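Summary of the model geometry
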Amino acid sequence: MERRSRPLSLCHVNTKSIVINRTHMLIHALAIIVLIHFRVSYFFTETSSRSKPTILAWVMIFLAELMLSFFWLLNQAHRWRPVTRTAFPERLPEDGKLPPIDVFVCTADPDKEPTVDVMNTVISAMALDYPPEKIHVYLSDDGGSPLTLYGMREAYDFARRWLPFCKRFGIKTRCPKAYFRDDGDDEEDDDGVDGKSSDEYDSEKRKVKEKYELFKARVNRYRASGHGDSCLSSRDHPSTVEVIRGSSADEVVQADKQNMPLLVYVAREKRPSHHHHFKAGALNVLLRVSGVMSNSPYVLVMDCDMYCNDPSSARQAMCFHLDPEISPSLSFVQFPQRFHNISEKDIYDGKLRSYYWTSLCGMDGLKGPVLSGTGFYIKRESLNGKSIHEGTDVMDLMKLFGNSKEFIKYLQQNDQPSKNIILGDSAAFWREAQFLASCGYESGTKWGQEVGFLYQSVAEDYFTGFTLHCKGWTSVYYSPLRPQFMGTSTTNLNDLLIQGTRWSSGLAEVGFSGFCPLIYGSLRMPILQSMCYAELAFFPLFCLPICIFATIPQICLLNGIAIYPKVSSTYSMVFSLVFVSSLCKHLYEVVASGHSVRAFINEQRMWMIRSVTSHVYGTMDATLKQLGMRKASFSPTNKAADDQQSKRYEMGVFDFQTSTMFLAPMVTAVILNAACFVGGITRALLLGCWDQLLMQMVLVLFVLVMSYPVTEGMVLRTDKGRIPPSVSLVSATLCLALLSLGSAFLGTE
């Protein structure tokens, strides 16, 4: 009894961070108030028109400062009460009392998401340190590719050898690719291995590695033979549901005497006439199909490139889901995403440090973090939209969940169906499973609106988490020392900006809709939590003030228009305080999270690049979709590596092999800042107006320093990854146009 009374988890409030954060908030807020007073007082001050900047320039800068101040205010909600958590898996009940778990893995394109890598993710999920009879792994193949189905069969065969090897020798890294890439150098793996068992381990390891190489060779040979080429379009194919039992006639191994996790291949029906709702649609199909096959109360969702790096994640998640203090209202446990392919220099800010090390910890101190798309264990009940009890009217349930009586039956009952019964069931069951995966099943239901993963935007994870919190559910963010999930980050500028545009569009779409967090959310959740969601939804709108600050002060500098106070003025200290305190606070957070000054510079640089590229296009895309002028679009990020791009990335050199659409804005901004900086210095030398224009010069110089890789790509580099001269020419033309228009509209009165 004493053992059971001990808590399964603990929450630690970061008192030191709270004191530092709130002190900075107070000082920074006071400085912003003084700044606003300075801007407003301009309109009530009589000065000669010759020394007075134009009203338009002043108003634009003032609006940009107000927007940045508003975004800063929203951002402080993430820093109000940061917490960390501890889990105690050793205090969980015995295996027989642990709840079953369904694992959902989604893939869409075998060309962009290599099949062998996807199968490594599947195998790592099958190898979780959890009772195998309580693990059910489902792969959604939106491409309907025969190659993926073949890979599943081969992966199952290899797993029959891999799972007992991992269990027998206590392997921690249970993704085969990661294990053999590191040559099995997990220091935990060799603990307690004596001379005799070490020889046994080495021998078994060689055999398993041979099996792994054979597995890869078979999948690659199948692909090369052309059998993997689908005769059906990835957008036009029927539904397929198949329990995987393997395909080869390998010798019987010890694993055959042990239970294996259920492995299921699902390719939902896709027709050009039906909207398939991207990843959210695929997850909802898996919810329905798994609902009649295993119906586990908890679901782990993983991206196909995000493998299980620690087999204990299921037990650690259950420490929160089974904790009686928090479990009644707990919807999901979110683990951070970590990436194995991030270089030491991380020039593209691929770690997303500010999000995973700062924002989610802060949200966890309120009502919990946002859903982050992968690496989370979610309670199935929370996705049903309302509690399902026996005796609920079947017709009402069908209006919500569709016309499958089999699915409704399992929604209503508490006993979970047995996979052993399922495996021997009739052909009628498989027809029902395919019906649940059909593209027309959701017509007339509330799937994607009130139940399941929601369809409001391509950012289905954000919107689903937001809605769950609005309904009163809570969540937990848990970041143990050993990363539980490891994946592949974008390591080239093109994929990074495409991905950023997609994210920006999805987030801004929610912010522009009737579900705006500041309105819809503030009525249904605490104000600080709604501010956190609002900051994420409006984050793409950072592009507006950043674009203003990248152009207006520069044009004013070239024309001798002072839009900041003189250096000799007391107000100049206030502006300097706002600027410097923001940078220092950011630097502190970077260093406090265990990262370097280089990471701080990279984050500042990528923030500026994203603001004038992906955030602009994402905001425009969301606006057009809200106006009904454009449909939502989605394309998976390319996971296949390019050797030359990878080499440049490891060297810390930007690769500018991307479209002119992305290159032109950043190059135009750099040329504009360089030209105006030279012009401003020349004006100051000739006319002696340093006191009035020095602050603008410092701002322009800061932009140029942070933009050095762009300048290098234009001027100094000759390799394939440079900025093409044609882009520089187009950007120079745009710069001249901006200068002409700006000088015409922002000249002195």
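This one's a predicted model, so the numbers in the text were calculated from it and none came from an experiment. (Residues numbered from 1 in each chain as written. Predicted model: local features only at pLDDT ≥ 70, side-chain atom pairs only at ≥ 80, totals over all residues. Heavy atoms only, no water.)

1. Points about the pairing of strand β4 (residues 135-141)
With seven of seven residues buried, β4 lies mostly within the body of the structure. Neither face of β4 is open: one carries I135, V137, L139 and D141, the other H136, Y138 and S140, and all of them are buried. Note: strand β3 (residues 101-107) against β4, seven bridges, orientation parallel. Directly across from V105, in β4, lies its bridge partner L139. Assessed by its sense of winding, the connection that carries the chain from β3 through helix α4 (residues 115-126) to β4 is right-handed. Examined bridge by bridge, β4 and strand β6 (residues 262-267) share five bridges and lie parallel to one another. Note that in β6 the partner of H136 across the bridge is L262. (Buried < 20%, exposed > 50% of the residue type's maximum accessible area, 1.4 Å probe, protein only. Helix = DSSP H or I, 4+ residues; strand = E, 2+ residues; numbered from the N terminus. Pairing = 2+ DSSP bridges. Right-handed = clockwise from strand over helix to strand, strands pointing away.)

2. Notes on the UniProt feature "binding site: Mn(2+)" (unreviewed entry) in the chain
When the UniProt feature table is mapped onto this chain numbering, "binding site: Mn(2+)" (unreviewed entry) sits at K279 and D303. What stands out for the annotated residues spanning 25 residues is how close their C-alpha atoms remain, the widest pair being 9.9 Å apart. Judged by its relative accessible area of 16%, K279 is buried. Not counting residues within four places of it along the chain, the set of residues in contact with K279 comprises C106, D303, G373 and E460. For D303, the position within the fold is in strand β7 (residues 298-303). Residue classification places D303 among the partly exposed positions, given a relative accessible area of 23%. Not counting the four nearest positions on each side in its chain, D303 is found in contact with V105, C106, T121, K279, G373 and T374. (UniProt positions renumbered as here; feature names shortened; annotations may be inferred. Contact = heavy atoms within 4.5 Å.)

3. With respect to a nonpolar patch on the surface
Taken together, the side chains of V567, L685, L686, L687, W690, L694 and V698 make up a nonpolar region of the molecular surface, amounting to roughly 690 Å² of accessible area. Within the residue set of the nonpolar patch, elements represented by two or more residues are α26 (660-687) and α27 (690-706). For L686, the location among the structural elements is in helix α26. Note on L686: relative accessible area 69%, which makes it exposed. (Patch = residues over 30% accessible without salt bridge, like charges linked within 9 Å, V, L, I, M, F, W, Y side chains within 5 Å. Areas by Shrake-Rupley, 256 points an atom, 1.4 Å probe, with all protein chains shown as cover. Salt bridge = Lys/Arg side-chain N within 4 Å of Asp/Glu carboxyl O.)

4. Structural notes on the sheet that holds strand β8 (residues 307-308)
Spatial strand order, β8-β13-β10: three strands in an open sheet with mixed pairing. The sheet is open, and its two edges are formed by β8 and β10 (338-339), each paired on a single side. Pairing of β10 with strand β13 (residues 485-487) involves two bridges; the strand directions are parallel. Residue pairing in the sheet places F339 in a bridge with G487 of β13.

5. What about the environment of S331?
Considering the arrangement of structural elements, one finds S331 in strand β9 (residues 330-334). With 52 residues separating them along the chain, S331 and L383 place their C-alpha atoms 8.5 Å apart. Apart from residues no more than four positions distant in its own chain, S331 is found in contact with H321, Y377, I378, K379, S382, L468, W473 and T474. A distance of 2.9 Å separates the side chain of S331 from the side chain of S382, its partner in a polar contact. (Polar contact = N/O pair within 3.5 Å; in protein donor to acceptor, adjacent residues only side chain to side chain.)

6. What to know about the UniProt feature "active site" (unreviewed entry) in the chain
Following the UniProt record, one finds the feature "active site" (unreviewed entry) at D142 and D461. Topologically, D142 is positioned in the loop between β4 and α5 (146-169). The class for D142 is buried, based on a relative accessible area of 7%. Excluding anything up to four places from it in sequence, D142 contacts T107, A108, S234, H237, R268, K270, F278 and A282. We classify D461 as buried; its relative accessible area is 19%. Here the side chain of D461 touches G373 through a polar contact of 3.2 Å, landing on its backbone nitrogen.

7. Focus: the packing of aromatic side chains
Scanning all chains against the criterion turns up 48 aromatic pairs. Arranged with centres 6.1 Å apart and planes meeting at 50°, the rings of F70 and F71 form a pair that is tilted. By relative accessible area, which is 5% here, F71 ends up buried. One aromatic cluster in this structure is built from F158, W162, F165, F169, Y179, F180, Y201, Y212 and F215. (Phe/Tyr/Trp six-rings, centres within 6.5 Å; stacked < 30°, edge-to-face > 60°.)

8. Here's the deal with the environment of P328
Mapped onto the elements of the fold, P328 is located in the loop between α9 (313-321) and β9. When its relative accessible area of 63% is taken as the criterion, P328 is described as exposed. As for P328 and T474, which are separated by 146 residues in sequence, their C-alpha atoms are 9.3 Å apart. With residues near it in sequence (within four places) discarded, P328 still touches K379 and W473.

9. As for the nonpolar core
Core analysis: the biggest nonpolar cluster contains 88 residues, and I101, V103, M126, W162, Y377 and M666 have the highest contact counts within it. The dominant element in this core, judged by the number of residues it contributes, is α5, at 13 residues. Within the second largest apolar cluster, 44 residues are counted, among which are V243, L411, A433 and F453. (Core = buried A, V, L, I, M, F, W, Y, C linked by side-chain atoms within 4.5 Å.)

10. A short note on the side chain of D349
Of note, D349 is situated in the loop between β10 and α10 (353-364). Setting aside chain neighbours within four positions, we find D349 in contact with E603, M606 and R610.

11. Description of the pairing of strand β11 (residues 376-379)
Along β11, one buried face is formed by F376 and I378 and the opposite face, lined by Y377 and K379, is buried too. Bridge count for β7 against β11 is four bridges, and the pairing is antiparallel. Bridge pairing in β11 links V301 to F376. Here three bridges tie β9 to β11, and the two strands are oriented antiparallel to one another. Residue pairing in the sheet places V333 in a bridge with Y377 of β11.

12. Details of the sheet that holds β7
Spatial strand order, β5-β6-β4-β3-β7-β11-β9-β12: eight strands in an open sheet with mixed pairing. With partners counted over all chains shown, the strands left at the sheet margins are β5 (240-243) and β12 (474-477), one partner each. Between one strand axis and the next, the sheet turns by 20° as a mean value, whatever way the strands run. In the sheet, β3 pairs with β7 via six bridges, with the strands oriented parallel. Paired with V103 across the two strands is L300, which belongs to β7. Its contacts with the sheet place α4 against β3, β4, β6 and β7, and it is angled at close to 165° to β4. Relative to β6, α5 is tilted by about 175°, and along the sheet it contacts β3, β4, β5 and β6. (Axes fitted to C-alpha atoms, helices over the stretch in contact; angles between N-to-C directions.)

13. Things to note about the packing of helix α3 (residues 55-75) against helix α19 (residues 527-538)
It is the contact of α3 with α19, at a shortest axis distance of 8 Å, that shows an interaxial angle of 135°. Viewed along their axes, α3 and α19 adopt a mutual orientation that is oblique. Two packed elements cross with a definite hand, and for α3 against α19 that hand is left-handed. Touching F71, L73, L74 and N75 of α3 are M531, A534, E535 and F538, all from α19. Of the residues contributing to the contact of α3 with α19, the split by class is six nonpolar, one polar and one charged. (Parallel < 35°, antiparallel > 145°, perpendicular 65-115°, else oblique. Left-handed = near helix turned anticlockwise from the far one by under 90°. Nonpolar A, V, L, I, M, F, W, Y, C, P; charged D, E, K, R; others polar.)

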